Structure formats: C-alpha cells, structure tokens
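# Commentary on secondary and tertiary structure
Here's the letter readout for the chains.
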Amino acid sequence: MRILQNASLKQYNTFGINATAKQFAAFSTIDDLKELLEHIHKKKSTLLILGGGSNILFTKDVDGFVLKNELKGIELVKEDTNHFYVKAAAGENWHWFVMHCIKHNYAGLENLSLIPGNVGASPMQNIGAYGAEIKDVFESLEALNVKDNTVHTFSANDCAFGYRESVFKTKYKDRFVILNVIFRLNKIPAFNTAYGAIEHELEKMNVSELSIRAIAQAVINIRSSKLPNPAEIGNAGSFFKNPVLLQKQFQLLLKKHPGMPHYTIDETHVKIPAAWLIEQCGWKGYRKGDAGVHIHQPLVLVNHGNASGIEIYQLSEQILKSVKQEFGIVLEREVNII
Ligand SMILES: Cc1cc2nc3c(=O)[nH]c(=O)nc-3n(C[C@H](O)[C@H](O)[C@H](O)COP(=O)(O)OP(=O)(O)OC[C@H]3O[C@@H](n4cnc5c(N)ncnc54)[C@H](O)[C@@H]3O)c2cc1C
C-alpha cells in the first residue's frame, strides 16, 4: 500500500474540486484497510472514506487521511423460490453492478441504472431514482467499525433507511466502513414504468415486450439526455433534497402559489420538487465565476471549470436563503459537505 502525501483529490470527486488530502491511500483488501486504520489511530488522524466521489463537495483541504475504497467482487450467495441474493463489494461501480444483474436476469435494480458512484455508498443515502430505492431490494450489509476493526452485519431495519437517509449519515456517521452489500433480487420481475418518462421512452424505443433490459435502457436514455455528465461539467447530481411538507403548510402555500407542483406521499405529507422552488427564485442558469446552477436542471449546482468548493457552497447558501424567504421552506442539502 502506498500512502501519498498532499495528494490532489480533483480526479476523485465529480465536482472536480481541486482540494488536497494530507494523506491518501487506496485499499483493495480488508486486511489492507485494517492495517491503514491502525496506522491512522496511531497518528490520531482523521479519516474520510471515499467511493466514486459523486456525492461530495470539498470546501477545504482534508487535514487527515482519505481512504479510497477499491474492494471488488460480485457473488451470487443464495437463491430461494423467488429471489437471488447477490453480494457486491463496496468498491464495485454501481452502474456496472446494475448491468451485471441485468445480464444475469436478476431483477429489481433496472430503474437505478446509470447512477454514478460505488456500491458501498448506495446504502449511505438509500439511493433512488425513477420510483425505486435500494431499500426495496436491500437484504443486508457488512461494515467495519473504524474504532475497533470489528465487522458488523446490518439488516434493513438496522440501517433505518429514509428518503436519501440512513443511519450511516446520522447516528453512525464516520463510524463504519461499508465493505459489501447483499441485494435481494427478483426471479420474476415486477416492472415499474409508472415514473417519469419511462413509458414514453419505451414507446419511442419501439419495445414490444417489456423486460428489465428495456427498462434499464429507457432509464439510461432519459438520464443521458437530462442530466449533466460530470465528465463534461463538474457536478454531484441533485444538490438539495425535495422538501416534504405537512398538508396544512402545503395548502397555505398552494393558495399563494396555485401552480406549485407536488406529489402526495400520504394523508399528511406532500413532496415539492426543489428544482421548481429554485427556478421560481430565478436561479436557473445562474453563474458567478465558475460556480453555477445548471441551465436546464436547477437542482444541480455545477463547476464550470475552476470553482472552489467554498464558492459552490456559498452559492448553495444563497439559494437556501432565497427559497426560505420566498416560500418559508428550508431546503436540505443532499450532497455531503466536507
Ligand atoms: C450526475 C449525477 C447524478 C446522480 N443521480 C443520482 C440519483 O438519481 N439518485 C441518487 O440517489 N443519487 C444520485 N447521485 C448522487 C450519487 O451518485 C450517489 O449518492 C452515490 O451513491 C454516491 O456514491 P459514491 O461512491 O460516489 O460516494 P462518495 O461521493 O464517494 O461518498 C458519499 C458519502 O458516502 C461515504 N462513503 C462512501 N463509500 C463508503 C463506504 N464504503 N463506507 C462508508 N462510507 C462511505 C463518503 O464518506 C461520503 O460521506 C448522482 C450524482 C451525479 C454526479
């Protein structure tokens, strides 16, 4: 294992922020990880685990260790009448893992195609898209406690999944390194095409027989046409979560803003698209220096080239303030701020 000093993180985060890590190392075995953690404890250094860097904003240099997770391996661990249980190591690329499952007819991840990042981060914020979340197919995960190097198994209950939330972002923040995840995938697919433009895209593709492969391709087509590619313009996808309001608060707002789009979650809760709120406040396409709001996707903050993390963060502060002023809604950031 090579420990690099003052290593640039620019190529390791999709925002393309030029921060540095005081120390940087990659691990591809659990033994290497344990050894690195012992070294970090001895040095009393801080630790940041990095996957694909697609949900992170570095607002400063990291005055400690950054460990890049490169654990690899995909394995069918069990089968029963209805399910395949597939274990993927944390360092596997998420989209490649989804493609692997589709190739083997393991159903359930097709709507989550083309989400950037690695398998290990997927439970962190219960990744979701096009009407699916990983909690729907999650069986368990193994994670290493960074304090004592013990390995623990977490069930879905233990993970306390919520909308872009899990116990790893709250109670156990910075306490565990996720090593692998087991997904419970279906033998008989339950197609989910109701969300977004999937139906329309399938029609455009002239799909005569529905399959998980066709749905994955439809999602890939839609995402590729809609979302900015981090290889072309720095970003971390949705910067803010869609706020969830109580019906009562929503009804009052609706009187003032009759065109407000919304999705009813249940009898008492309503979700509002944060993109709409941001656009109403006039931020769509805004740019100051190299920090900006995407021209078509106001929920996505972008680095046009050489923005610093702090410039992007300050822009997010301005957006938060104006949405609060206009709508009385406090947006929450989805991206992890370092
Ligand atoms: C263009 C674009 C589109 C996106 N679309 C979506 C979308 O549709 N839905 C969605 O949910 N997300 C989306 N995202 C966000 C992002 O892809 C996901 O959150 C993804 O799971 C992040 O994975 P990562 O490996 O890049 O995590 P990183 O950014 O490397 O890390 C994210 C957080 O997880 C921690 N972490 C990472 N790996 C581990 C581990 N093994 N153990 C413990 N902690 C760990 C990190 O310390 C950090 O706090 C999008 C991002 C981009 C750039």
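Before any of the text, the structure's been laid out above.
The structure displayed is predicted, hence computed values, not measured ones.

### Concerning the site of the ligand
Near the ligand lie 34 residues; those nearest to it are Ile49, Gly51, Gly52, Ser54 and Gly128. Note that an oxygen atom of the ligand is positioned 2.8 Å from one of the backbone N or O atoms of Gly53. For the ligand, the protein covers 93% of the area, taking 980 Å² as the surface of the free molecule. For the shell around the ligand, the secondary-structure elements that each account for two or more residues are β3 (47-50), β8 (128-129), β12 (176-186) and β13 (234-238). Here the residues of the shell around the ligand are counted per class, giving 17 nonpolar, 15 polar and 2 charged.

### Some words on the pattern of salt bridges
Enumeration according to the criterion identifies 13 salt bridges in this entry. Between Arg184 and Glu139 there is a salt bridge, with the nearest N and O atoms lying 3.0 Å from each other. Highlighted residues: Arg184 in strand β12 and Glu139 in strand β10 (residues 138-145), separated in sequence by 45 residues. The class for Arg184 is partly exposed, based on a relative accessible area of 22%. For Lys241, the salt bridge is made with Glu165, and the minimal N-O distance between the two is 2.8 Å. Taken as a pair, Lys241 in the loop between β13 and β14 (244-246) and Glu165 in the loop between α3 (156-159) and β12 lie far apart in primary sequence, 76 residues in all. Under the relative-accessibility criterion, Lys241 is labelled buried at 6%. On the accessibility criterion, Glu165 (22% relative accessible area) is partly exposed. Taken together, the shared-partner salt bridges in this structure form one network comprising Glu133, Lys135, Asp136, Arg164 and Glu334.

### Examining the side chain of Asn13
Checked against the element boundaries, Asn13 lands in the loop between β1 (4-8) and β2 (20-27). Not counting residues up to four positions away in its chain, the partners in contact with Asn13 are Gly53 and Phe58.

### Comments concerning helix α5 (residues 212-226)
Relative to the 21 Å expected for 15 residues at 1.5 Å per residue, α5 spans 21 Å between its end C-alpha atoms, a close match to the ideal helical length. Residues of α5 that are buried: Ile212, Ala214, Ile215, Ala216, Ala218, Val219, Ile220, Ile222 and Arg223. Against α2 (94-103), β8 and α4 (198-204) lie the buried residues of α5.

### Structural notes on the packing of α2 against α5
Helix-helix packing is described using two parameters, namely the angle between the two axes and the distance between the axes. Interaxial distance between α2 and α5 falls to 9 Å at its minimum, and their mutual angle equals 155 degrees. Here α2 lies roughly antiparallel to α5, going by the angle between them. Considering only the axes of α2 and α5, their crossing is left-handed. Contact residues: α2 offers His95, Met99, Ile102 and Lys103, while α5 offers Ile212, Arg213, Ala216 and Ile220.

### Topic: the nonpolar core
As a rule of thumb, soluble globular proteins bury nonpolar side chains together. Counting residues in each nonpolar core, the largest one holds 43 residues, and the members touching the most others are Phe58, Phe240, Leu277, Ile312, Ile319 and Leu331. Those elements that provide at least two residues to this core are β2, β3, β4 (56-57), β5 (62-69), α6 (247-256), α7 (274-280), β18 (291-293) and α8 (309-327). Ranked by residues supplied to this core, first place goes to α8 with 6 residues. Residues contacting Phe58, with those up to four places away along its chain left out, are Leu9, Asn13, Ile17, Ala19, Leu48, Leu50, Gly309 and Ile338. If you look at the next biggest cluster of nonpolar residues, it comprises 42 residues, including Leu112, Ile115, Val119 and Ile178.

Procedures and definitions
Residues numbered from 1 in each chain as written. Predicted model: local features only at pLDDT ≥ 70, side-chain atom pairs only at ≥ 80, totals over all residues. Heavy atoms only, no water. Near = heavy atom within 4 Å. Polar contact = N/O pair within 3.5 Å; in protein donor to acceptor, adjacent residues only side chain to side chain. Areas by Shrake-Rupley, 256 points an atom, 1.4 Å probe, with all protein chains shown as cover. Helix = DSSP H or I, 4+ residues; strand = E, 2+ residues; numbered from the N terminus. Nonpolar A, V, L, I, M, F, W, Y, C, P; charged D, E, K, R; others polar. Salt bridge = Lys/Arg side-chain N within 4 Å of Asp/Glu carboxyl O. Buried < 20%, exposed > 50% of the residue type's maximum accessible area, 1.4 Å probe, protein only. Contact = heavy atoms within 4.5 Å. Expected span 1.5 Å × (residues − 1). Axes fitted to C-alpha atoms, helices over the stretch in contact; angles between N-to-C directions. Parallel < 35°, antiparallel > 145°, perpendicular 65-115°, else oblique. Left-handed = near helix turned anticlockwise from the far one by under 90°. Core = buried A, V, L, I, M, F, W, Y, C linked by side-chain atoms within 4.5 Å.

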